Amino acid sequence: MVRGCPPPLVVYNGMSISNSMDTESKHSYNKLLETMHEFVAELLPDGLFRYVSKILADDSGYKPEELVGTNFFSYIHPDDTSETLHHCEGLVKKGTSIRNCEYRFRKKDGSYIHIITNGEPLYDLEGHLEAILQVSFNITQRKKVERTLRESEEKYRILFENSLEGLFLFKEVFIDCNEQACRLLDCKREDIIGHDVLASMLPSQPGGRHSAETAQKYITAAFSGEPKVFSWQHRKKGGEQIDTEISLKKMIVEGEALLLATVRDITEQKRAEDELKRHQDHLSTLVKTRTAELSAKNQELSRSKEALVSLLEDVNHSRDELEKANIRLEELDDLKSMFIASMSHELRTPLNSIIGFTGIILQGMSGEINADQQDQLKRVYGSALHLLELITEIIDLSKIEAGKLAPYLQEFSLNELINEAVTGLKYQIKEKGLGIETDMPHDIHLKSDRTRLLQCLLNYLSNAMKFTERGMISIFAKEVGKMLEISVKDTGTGIKEADLPLLFTPFTRVDTSIKPTPLGTGLGLYLTKKLATEVLGGSVAVESQFGNGSTFILKIPLNAEVQGLRFSLKNTNDPKL
């Protein structure tokens, strides 16, 4: 076989006669063949391409010479090979023509085009099968359209069947309906499909309208292209009547004009409307009654006017007295501020002296002391520290409640602050034989009032140390969004559920199993809450089970300026504070 040889395409009684053409006729015929829109190909009996028209080659991405000499069946989709081979074998063995054989032909890029083929046998002058002539069409686009139509029909059917409203498709008789339509009328599809549209109606509608005549007017208008929406009363199969709202719209289905009726049950809506009408009538009666009552009240109010004028005079007099009282309260507030400042100086100065000189004596710097004296001086030293702590907490609380404790914002490392707090209490914690650990994912940097945050953390640690006899105190810190969460967990006695609401209140001590009860002012947690909420812009919380330790939690913004903290700066320039 020679590649690219002229195709013997002229057939007479199944015989190829192209060989009898002269050269000019063959050239004209080949030129005509290449201008055809159909795919033309010749297959040898063994399935090899002998000729391929240019349009087939172009559509499949090959050049004609790339296909000639290759096996036709190697390009057929595996799922279509068996059927295509069957058609070709029938032509080879029995001489039967191939009609409307569909298969997928692999393109050069690996994708497939859909082809439909007709085929005829070609015989030589001796009557032997020379080749198979194929004339084919590219039906890929048609296949896409068919698939799109199938998908559209499937979507329509899904929407049709799953609609929450009853759908009826009809002309003179009902052609189709969905399940909701059957539920609406309490019947089966066979009770609807095929039945006359007008025959199943009630004789008349509310208001005396004749059902069949009225419905026919609506149907005629809808068929003319005018959508109709109207109220209608139906009767279920069991006889129960329901109120509905119907929308009629013209549709073209397979070339035929039909109507789609969308039916919605408005029985409950009608009942609600009737009930609303009854309420409106009732309200109208009430309004008339109340109007008469108000008229009588107006007369009574008119008589009370003179009494009100007299009362206003008394109120004005009382207002003057209140203004004088407010001035006096402001004076008292200033006196309180002066008292707080005086307390700060007059009480803390001698206490600091007592603490300092007692410490010197305890260290033996003024001479040796015996064991009893040392014990008694330690008691004095501890009591003085306790009193100083109480005074400091009371003064801080007074400043907070007076709105005179403003935050001093600065950027700092949380890791350094926690280390400072642990170092400050390390001796007392070690003396009690407790362990302490910290856990934070990384060093967190924040912008807040470092001094007040340290004070809150020290209060938490001091509280944990007082109520933990053995075990461990743990400090956890993590970022939660734009907030910093610090938790102090202990292995102490824990807190009873009934006592949890008493925490963070002033001068409150809850019962514990520790005897004697640890010393404390009862203000530490209360001050911590005030500092956290009113100075640091955060919150406090506690989690505890009696006998299983406690966890005290502090949340504050990582960036006080971003969070827009609101602080009272009243009198912050007061030198006494």
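Use the structure listed above.
Residues numbered from 1 in each chain as written. Predicted model: local features only at pLDDT ≥ 70, side-chain atom pairs only at ≥ 80, totals over all residues. Heavy atoms only, no water.

(A) Expanded view of the sheet that holds strand β19 (residues 550-557). Pairing in this open sheet of five strands is mixed, and the strands run β14-β16-β17-β19-β18 from one edge to the other. Unpaired on one side and paired on the other, β14 (435-439) and β18 (539-544) mark the two borders of the sheet. Averaged over all neighbouring strand pairs, the angle between strand axes comes to 15°, with direction disregarded. Examined bridge by bridge, β18 and β19 share six bridges and lie antiparallel to one another. (Pairing = 2+ DSSP bridges. Helix = DSSP H or I, 4+ residues; strand = E, 2+ residues; numbered from the N terminus. Axes fitted to C-alpha atoms, helices over the stretch in contact; angles between N-to-C directions.)

(B) A look at helix α11 (residues 450-466). The terminal C-alpha atoms of α11, which comprises 17 residues, lie 24 Å apart, in line with the 24 Å expected from a rise of 1.5 Å per residue. Burial runs high along α11: 14 of the 17 residues are buried. In this structure Asp449 caps α11, since a side-chain oxygen of it lies 3.2 Å from the backbone nitrogen of Thr451. (Expected span 1.5 Å × (residues − 1). Buried < 20%, exposed > 50% of the residue type's maximum accessible area, 1.4 Å probe, protein only. Polar contact = N/O pair within 3.5 Å; in protein donor to acceptor, adjacent residues only side chain to side chain.)

(C) Local environment of a nonpolar patch on the surface. Together, Leu308, Leu311, Leu312 and Val315 make up an exposed nonpolar region whose accessible area comes to about 370 Å². Looking at the element boundaries, Leu312 is found in helix α8 (residues 267-362). A relative accessible area of 51% places Leu312 in the exposed class. (Patch = residues over 30% accessible without salt bridge, like charges linked within 9 Å, V, L, I, M, F, W, Y side chains within 5 Å. Areas by Shrake-Rupley, 256 points an atom, 1.4 Å probe, with all protein chains shown as cover. Salt bridge = Lys/Arg side-chain N within 4 Å of Asp/Glu carboxyl O.)

(D) Focus on the packing of α11 against helix α12 (residues 524-535). Interhelical geometry of α11 versus α12 gives an angle of 150° and a closest axis separation of 9 Å. Here α11 lies roughly antiparallel to α12, going by the angle between them. Where α11 crosses over α12, the handedness of that crossing is left-handed. Contact residues: Arg452, Gln455, Cys456, Asn459, Tyr460 and Asn463 in α11; Gly524, Leu525, Leu527, Thr528, Leu531, Ala532 and Val535 in α12. Of the residues belonging to the contact of α11 with α12, the class tally is seven nonpolar, five polar and one charged. (Parallel < 35°, antiparallel > 145°, perpendicular 65-115°, else oblique. Left-handed = near helix turned anticlockwise from the far one by under 90°. Contact = heavy atoms within 4.5 Å. Nonpolar A, V, L, I, M, F, W, Y, C, P; charged D, E, K, R; others polar.)

(E) Geometry of the side chain of Arg452. Along the chain, Arg452 turns up in helix α11. A relative accessible area of 17% means that Arg452 is categorised as buried. At a separation of 3.0 Å, a polar atom in the side chain of Arg452 contacts the side chain of Gln455.

(F) Seen up close, the sheet that holds strand β8 (residues 166-170). Reading across the sheet, the five strands line up as β9-β8-β12-β11-β10 and stay open at both edges, with antiparallel pairing between neighbours. Edge strands, defined here as strands with exactly one partner in the open sheet, are β9 (174-177) and β10 (228-235). Strand-to-strand, the axes of this sheet are offset by a mean angle of 30°, without reference to chain direction. In terms of strand pairing, β8 meets β9 through three bridges, oriented antiparallel. Directly across from Phe170, in β9, lies its bridge partner Phe174.

(G) Representation of the pattern of salt bridges. For the coordinates displayed, the defined rule picks out 23 salt bridges. For Glu469, the salt bridge identified is with Lys432, shortest N-O distance 3.6 Å. On the criterion of sequence distance, the pair formed by Glu469 in the loop between α11 and β16 (472-480) and Lys432 in the loop between α10 (414-431) and β14 is long-range, its members being 37 residues apart. We classify Glu469 as partly exposed; its relative accessible area is 43%. Note on Lys432: relative accessible area 29%, which makes it partly exposed. A network of salt bridges, in which partner residues are shared, links Glu42, Arg50 and Glu130.

(H) Examining the pairing of β8 more closely. With five of five residues buried, β8 is to be regarded as a mostly interior element. Where burial is concerned, the two faces of β8 agree: the one with Gly166, Phe168 and Phe170 and the one with Leu167 and Leu169 are both buried. In the sheet, β8 pairs with strand β12 (residues 256-265) via five bridges, with the strands oriented antiparallel. Counted as the bridge partner of Leu169 is Leu260 from β12.

(I) Examining the nonpolar core more closely. Residues Leu414 and Leu453 are the most contacted members of the largest nonpolar core, which totals 40 residues. Going through the elements one at a time, α10, α11, β16, β17 (483-490), α12 and β19 are the ones with two or more residues in this core. The element contributing the most residues to this core is α11, with eight residues. Once residues lying within four places of it in the same chain are set aside, the contact partners of Leu453 are Phe412, Leu417, Leu446, Ile486, Leu536, Leu554 and Ile556. Judged by nonpolar contacts, the second largest core, of 24 residues, contains Cys187, Val197, Phe230 and Leu248. (Core = buried A, V, L, I, M, F, W, Y, C linked by side-chain atoms within 4.5 Å.)

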